[in-house]
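Chains, contacts and geometry: an overview
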Amino acid sequence: MNAKDFLDLIRKVTDTEPRMRERGADEATDWVSAYTAAEASATATVLAVTAASETDHAALEAQLHAILEIMSTGHVHGSHISQIREINPQDLPTQIREYISDLLEE
């Protein structure tokens with residue numbers, strides 16, 4: 001992944017529009033095999049920080065899914081995604097609660 005692509009991805013993941021954040025999270029999964037260790041941990045951390053304050057369920061689901069996919073690289077550890085603990089799963093759809101549970105078990 002080159003610097004421009006990485007920066008474009010981070011910009012999408014942190015965009016002010018929920019649809020763009022969702023799209024950015026989806027694109028983050030497309031790059032999984034191309035990440036360096038630093039890019040994988042940085043992307044997962046940014047996704048976790050974004051997810052912790054996400055109000056849009058579709059974007060949140062995409063962010064959590066992307067984190068799980070990026071964790072498969074072996075470069076992401078619990079400390080990189082600790083912000084996930086800030087998400088209150090009580091009023092969230094079952095699918096999102098399952099993602100949170102899976103991430104907290106990692």
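Check the entry above for the structure.
Counting from 1, residues in each chain are numbered in the order their sequence is written. In keeping with the model being predicted, local features are shown solely for residues with a pLDDT of at least 70 and side-chain atom pairs are shown and tallied solely at 80 or more, while totals for entire chains, interfaces and linings include all residues. Hydrogens and waters are ignored; side-chain quantities use all the structure's heavy atoms.

**Points about the side chain of glutamate 54**
Strands here mean DSSP runs of E at least two residues long; helices mean DSSP runs of H or I at least four residues long; both are numbered from the N terminus. Here glutamate 54 shows up in the loop between α3 (37–52) and α4 (57–71). Looking at glutamate 54, its side chain comes within polar contact range of the side chain of glutamine 63, at 2.8 Å. The contact definition used throughout considers only heavy atoms, calling two residues in contact when any of these lie within 4.5 Å. Residues in contact with glutamate 54, not counting those within four places in the same chain, are Arg21, Ala59, Leu60 and Gln63. Pairs of N or O atoms within 3.5 Å make up the polar contacts considered here, provided that, within protein, one atom can donate a hydrogen while the other can accept it, and that residues adjacent in sequence are counted only when both atoms are side-chain atoms.

**Concerning the pattern of salt bridges**
The rule for a salt bridge is simple: a side-chain nitrogen of Lys or Arg has to be within 4 Å of a carboxyl oxygen of Asp or Glu. Summed over the entire model, instances satisfying the criterion amount to seven salt bridges. Linking arginine 19 and aspartate 56 is a salt bridge whose minimum nitrogen-to-oxygen distance equals 2.9 Å. One end of the pair, arginine 19, is in helix α2 (residues 18–30); the other, aspartate 56, is in the loop between α3 and α4, with 37 residues separating them in the sequence. Between glutamate 54 and arginine 21 there is a salt bridge, and its shortest N-O distance comes to 2.7 Å. Placement of glutamate 54 in the loop between α3 and α4 and of arginine 21 in helix α2 is noted, with a sequence separation of 33 residues between them. Relative accessible area serves as the criterion here: at 11%, glutamate 54 is assigned to the buried category. A residue is classified by how much of its surface remains accessible, and arginine 21, at 10% relative accessible area, is buried. Here the residues in one salt-bridge network are Lys4, Asp8 and Arg11, joined through shared partners. Whether a residue is buried, partly exposed or exposed follows from its accessible area with a 1.4 Å probe, protein chains only, as a fraction of its type maximum: under 20%, in between, or over 50%, in that order.

**Looking at the packing of helix α1 (residues 3–13) against α2**
Whenever a helix is involved, its axis is fitted only over the stretch in contact; in every case the axis is a line through C-alpha atoms, and angles between N-to-C directions fall within 0 to 180 degrees. Interhelical geometry of α1 versus α2 gives an angle of 140 degrees and a closest axis separation of 7 Å. One element, α1, and the other, α2, form an angle in the oblique class. Contacts from Leu9, Lys12 and Val13 of α1 reach α2 at Met20, Arg21, Arg23, Gly24, Ala25, Glu27 and Ala28. When residues are sorted by character, Ala, Val, Leu, Ile, Met, Phe, Trp, Tyr, Cys and Pro go into the nonpolar class, Asp, Glu, Lys and Arg into the charged class, and all the rest, Gly among them, into the polar class. Considering only residue class, the contact of α1 with α2 consists of five nonpolar, one polar and four charged. What sets the label is the angle itself: under 35 degrees gives roughly parallel, over 145 gives roughly antiparallel, 65 to 115 gives roughly perpendicular, and the rest give oblique.

**A word on the packing of α3 against α4**
It is the contact of α3 with α4, at a shortest axis distance of 9 Å, that shows an interaxial angle of 155 degrees. Looking at the two axes, α3 sits roughly antiparallel to α4. Regarding α3 and α4, the two cross each other, and that crossing is left-handed. From α3, Ala40, Thr43, Ala44, Leu47, Ala48, Thr50 and Ala51 reach across to α4, where they touch Leu60, Gln63, Leu64, Ala66, Ile67 and Ile70. Taken together, the residues that form the contact of α3 with α4 break down as 10 nonpolar, three polar and no charged. Crossing chirality is assigned from the near helix's rotation relative to the far helix, an anticlockwise turn below a right angle marking it left-handed and a clockwise turn marking it right-handed.

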